[in-house]
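Per-entry structural report
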Amino acid sequence: PENPLTARVMVNRIWLQHFGQGLVRSPSNFGVIGQKPTHPELLDWLAATFIENGWSMKKLHRQIMLSGTWQQSSAYHEESYAKDGDNRFLWRMNPRRLDVEAWRDSLLAVSGDLDRRLGGAPDEHVLESTRRTIYGKLSRNFDRSVSEEFLRIFDFPAPRSTSAARTRSTVPQQYLFMLNSPFMIARAKALAARLQGEEKDDPTRITRAYNLLYGRPPTKEETEIGLGFLAEKEGKIPRFQQYAQVLLSAHEFIQVR
């Protein structure tokens with residue numbers, strides 16, 4: 001209780017999960033060679049309040065999420081970017097990629113395939129399962145299955161070591177997975193079937209798809225591009241399935257903004 005670092009480290013880890021970066025950007029190193037906090041007074045105040053509230057993480061989460069800082073939009077402002085391009089002083093929300101577990105679960109959810117049952121034995125192969133990714137079975141050595149190869153592509157940390165924060169990489173293997181994986185093709189088929197079953201024509205299907213996947217209506221240009229693509233001659237793969245796979249693979253779907 002008297003250690004001045006304990007509360008600061010805990011507060012910083014929770015802040016990191018909400019914002020993508022901690023107030024101290026070296027979350028496992030508060031020592032001399034670690035990074036200095038961007039907002040030292042804020043870190044101290046949060047740590048002191050955390051202790052006063054009985055070390056309640058629930059109250060800390062509420063305190064952060066009700067703040068004006070957490071509720072900012074991700075809108076770009078040229079003047080602010082010129083002064084603080086790295087957003088160290090939090091003038092906007094940092095757009096960031098979903099963790100692979102949340103992304104996979106979201107793919108299953110929007111395509112209507114997600115199995116929402118709770119509990120039970122772990123799944124050996126997450127790419128053949130429709131249950132949440134948390135039920136996937138992993139080896140501590142992280143070298144035994146296709147499931148682990150998939151997770152590793154999208155920056156899942158190695159289970160045999162501690163990881164203060166996930167790395168964020170953008171590599172060709174990620175986009176090849178979105179393009180060629182049987183898992184992605186199955187999700188595209190299911191999403192196409194869902195949209196075609198729920199809506200009567202292509203314009204309303206496109207609108208439904210954008211609302212379902214991105215939480216917004218399509219722009220006029222996006223609707224025109226979609227209709228133009230769907231109007232082309234059918235090939236070996238149905239046009240609407242191809243269109244659905246493109247929407248599922250889009251950067252906007254995998255990002256929190």
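Now for the packing of aromatic side chains. Tallied over the full model, the rule gives eleven aromatic pairs. Relative to F19, the ring of W15 lies with its centre 4.1 Å away and its plane at 15°, an arrangement referred to as stacked. Of this pair, W15 and F19 are both found in helix α1 (residues 4-19), four residues apart, which corresponds to roughly one turn of the helix. Arranged with centres 5.2 Å apart and planes meeting at 80°, the rings of Y210 and Y214 form a pair that is edge-to-face. Taken together, the residues span about one helical turn, with Y210 and Y214 both in helix α9 (residues 202-214) at a distance of four residues. Judged by relative accessible area, which is 7%, Y210 ranks as buried. Clustering of aromatic rings is evident, with ring pairs tying together W103, F150, F154 and F177. Here the basic side chain of R131 rests over the ring of Y135, its NZ or CZ set 4.0 Å away from the ring centre. Of note, R239 hangs over the ring of F229, and the distance from its end group to the ring centre comes to 3.9 Å.

Mapped onto the elements of the fold, N87 is located in the loop between α4 (78-83) and β1 (96-97). A residue is classified by how much of its surface remains accessible, and N87, at 2% relative accessible area, is buried. A polar side-chain atom of N87 sits 2.9 Å from the main-chain amide nitrogen of W91. When near neighbours in sequence (up to four residues on either side) are disregarded, N87 contacts R25, R92, M93 and N94.

This part covers the packing of helix α10 (residues 220-230) against helix α11 (residues 239-249). In the contact formed by α10 and α11, the axes pass within 9 Å of each other and the chain directions differ by 145°. In contact with G226, F229 and L230 of α10, α11 contributes R239, F240, Q242 and Y243. Split by residue class, the contact of α10 with α11 holds four nonpolar, two polar and one charged.

One finds W103, F150, F177, M184, L213 and L248 to be the most contacted residues of the largest nonpolar core, which totals 35 residues. Sorting the residues of this core by element identifies α5 (100-110), α6 (146-153), α7 (172-180), α8 (182-198), α9, α11 and α12 (251-254) as the ones contributing at least two each. Leaving out residues up to four positions away in the same chain, L248 has contacts with W103, L107, V110, M184, R187, A188, L191, L213 and F253.

To continue, consider α7. Taken as a whole, α7 has its buried residues at Q174, F177 and M178. Take α7 and look down its axis: the buried residues cluster within an arc of 95°, on one side only. Summarising the geometry of α7, the exposed residues directed more than 90 degrees from the buried face are P172 and L179. The inward-facing, buried residues of α7 abut β1, α5, α6, α8, α11 and α12.

Burial of α11 is extensive: eight of the eleven residues sit out of reach of the surface. All buried positions along α11 are accounted for by R239, F240, Q241, Y243, A244, Q245, L247 and L248. Where the residues of α11 are buried, they touch α5, α7, α8, α9, α10 and α12.

Here the focus is the environment of F50. Position of F50 among the secondary structure elements: in helix α2 (residues 40-52). Owing to a relative accessible area of 3%, F50 belongs among the buried residues under this scheme. With ten residues separating them in the primary sequence, F50 and L60 have C-alpha atoms 6.4 Å apart. Excluding anything up to four places from it in sequence, F50 contacts A7, M10, V11, W55, S56, M57 and L60.

According to the stated counting rule, one finds 17 salt bridges in the structure shown. Here E79 ties to K83 by a salt bridge, and the two come within 3.6 Å at their closest N and O atoms. One end of the pair is E79 and the other is K83, both in helix α4 and four residues apart, which spans about a single turn. Across this residue pair, the class does not change: E79 and K83 are exposed. Residue D202 is joined to R205 by a salt bridge in which the shortest nitrogen-to-oxygen separation is 3.0 Å.

The rules we used
Residues numbered from 1 in each chain as written. Predicted model: local features only at pLDDT ≥ 70, side-chain atom pairs only at ≥ 80, totals over all residues. Heavy atoms only, no water. Phe/Tyr/Trp six-rings, centres within 6.5 Å; stacked < 30°, edge-to-face > 60°. Helix = DSSP H or I, 4+ residues; strand = E, 2+ residues; numbered from the N terminus. Buried < 20%, exposed > 50% of the residue type's maximum accessible area, 1.4 Å probe, protein only. Lys NZ or Arg CZ within 6 Å of the ring centre and 35° of its normal. Polar contact = N/O pair within 3.5 Å; in protein donor to acceptor, adjacent residues only side chain to side chain. Contact = heavy atoms within 4.5 Å. Axes fitted to C-alpha atoms, helices over the stretch in contact; angles between N-to-C directions. Nonpolar A, V, L, I, M, F, W, Y, C, P; charged D, E, K, R; others polar. Core = buried A, V, L, I, M, F, W, Y, C linked by side-chain atoms within 4.5 Å. Arc of directions from axis to C-beta. Salt bridge = Lys/Arg side-chain N within 4 Å of Asp/Glu carboxyl O.

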